[in-house]
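Examining the three-dimensional arrangement
Single-letter residue listing:
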Amino acid sequence: MTTTGPAAPVRLELDHERRVAHIVLARENTGNAFELDFIRALRDAVRQVADLTRDTAPGSMAAVLLRAEGRNFSVGGNLREFAAQGDDVGPYVRELADTAHSAVLALAGLQVPVVAEVRGAVAGGGVGLALTADLIVAARSTKLRLAYTAIGLTPDCGTSWFLPRMLGEQRALDLTLTNRTLTPAEAERWGLFSRVVDDADAPLVAEELAGTLAAGHGSALRRAKLLMRDRGLAGLRERLELEAVLIAEAAARPEARAAAKRFLGLTAR
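Our subject in this report is the structure included herewith. Owing to the predicted nature of the structure, the values given are computational and were not obtained by experimental measurement.

1. A word on the pairing of strand 2 (residues 10–15)
Across the six residues of strand 2, six count as buried, placing the element largely inside the fold. Burial along strand 2 is two-sided: the face carrying V10, L12 and L14 and the face carrying R11, E13 and D15 are both buried. Here six bridges tie strand 2 to strand 3 (residues 20–25), and the two strands are oriented antiparallel to one another. Pairing of V10 across the sheet is with L25, part of strand 3. Between strand 2 and strand 3, which pair antiparallel and follow one another directly, the connecting turn spans four residues, one of which, R19, has a positive phi of 65 degrees.

Next up, the structure:
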């Protein structure tokens, strides 16, 4: 296993024997919250993986495993960082969204199979990030919640594109408007999660699944994914651009800034 950037908030680990590239969210002390340095590191890691998964690349990787260190996959946006921006929160959120969306689009466009292993909180932009994967292995501790409208924000990271296509409009609106938490059993029944397993088993199950895919007929898997995914990427790109505009506008509104502060306990309700 080759590891790059051991101190980075997002690591890239290459399993040359199995030909699986691991993208590891490695800022467990913040719950892998989205902030600029974290998201830039994620974008850069995905760009490296895109180069490594091309058929013509020497020692190319044949599958990708997206996973996280710590108890949570990702809690979504770092609201403390949002609150710290003051009047500049709109431009900050726009840059954050644009950078995150570069990573999401690149992940969704990878030619090889992508497996995600999720656990604990999968919230906000973490939902969209997880849904870029072709298959999701979820630990029983997983709690999926969009949470955007609860703090005056709108969806980003492709959630408004992925969810209606995967669930239908009514279920997607249910999750978005009510911000209710979706249990792993519900998410598996609805088709969001491919496997739900005990927390202790999730890393091994996800790794074995990625390894099995990497050992398969690579050209057939690439072409099958192209047939399923390629047509929608243009629509995803357009939706990500709209999401970035709307969430930046929402973040700049006084009610959203106040809601974020109340959530953090920085002001009285």
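From this point on, the discussion continues.
2. Some words on the packing of aromatic side chains
Centre-to-centre distance and the angle between the planes together describe a pair of aromatic rings. Taken as a whole and judged by the stated rule, the model has three aromatic pairs. The interplanar angle of 85 degrees and the centroid separation of 5.3 Å between the aromatic rings of W161 and F162 together place this pair among those described as edge-to-face. Taken individually, W161 and F162 each receive the classification buried, so the pair is uniform in this respect.

3. Concerning the nonpolar core
Side chains of nonpolar character tend, in soluble globular proteins, to be buried together. Grouped together as the largest cluster of nonpolar side chains are 74 residues, with contacts concentrated most on I23, L25, L42, F73, L153, L192 and F193. Sort the elements by how many residues they give to this core and helix 3 (residues 89–108) lands first, with eleven residues. Leave out the neighbours within four places in its chain, and L42 touches V10, I23, L25, A103 and L129. Judged by nonpolar contacts, the second largest core, of 14 residues, contains V20, A63, A206 and A210.

4. So, helix 3
Over its 20 residues, helix 3 runs 28 Å from end to end, which matches the ideal 28 Å to within 8%, given 1.5 Å per residue. By the criterion of burial, helix 3 is predominantly enclosed, with 14 of the 20 residues buried.

5. Digging into the side chain of E35
Mapped onto the elements, E35 comes out in the loop between strand 3 and helix 1 (36–52). Judged by relative accessible area, which is 11%, E35 ranks as buried. Not counting residues up to four positions away in its chain, the partners in contact with E35 are R27, N78, E81, Y92 and L96.

Calculation rules
Each chain has its residues counted from 1, following the order in which its sequence is written. Predicted model: local features are reported for residues with pLDDT of at least 70 only, side-chain atom pairs are reported and counted for 80 or more only, and whole-chain, interface and lining totals are derived from all residues. Only hydrogens and water are set aside when side-chain values are computed; all heavy atoms of the structure are taken into account. The buried label applies to any residue whose accessible area, calculated with a 1.4 Å probe on protein chains only, is under 20% of its type's maximum; exposed applies above 50%, and partly exposed to all values in between. For helices the rule is a DSSP run of H or I covering at least 4 residues; for strands it is a run of E covering at least 2, with both sets numbered from the N terminus onward. One requirement defines pairing of two strands: DSSP has to find at least two bridges between them. Ring pairs shown here join Phe, Tyr and Trp side chains whose ring centres sit within 6.5 Å, with only the six-membered ring taken for Trp; geometry is labelled stacked below 30 degrees between planes, edge-to-face above 60, and tilted in between. Here the nonpolar core consists of buried residues drawn from Ala, Val, Leu, Ile, Met, Phe, Trp, Tyr and Cys, with membership extended through side-chain atoms lying within 4.5 Å. The contact definition used throughout considers only heavy atoms, calling two residues in contact when any of these lie within 4.5 Å. For a helix, the expected span equals 1.5 Å multiplied by the residue count minus one.

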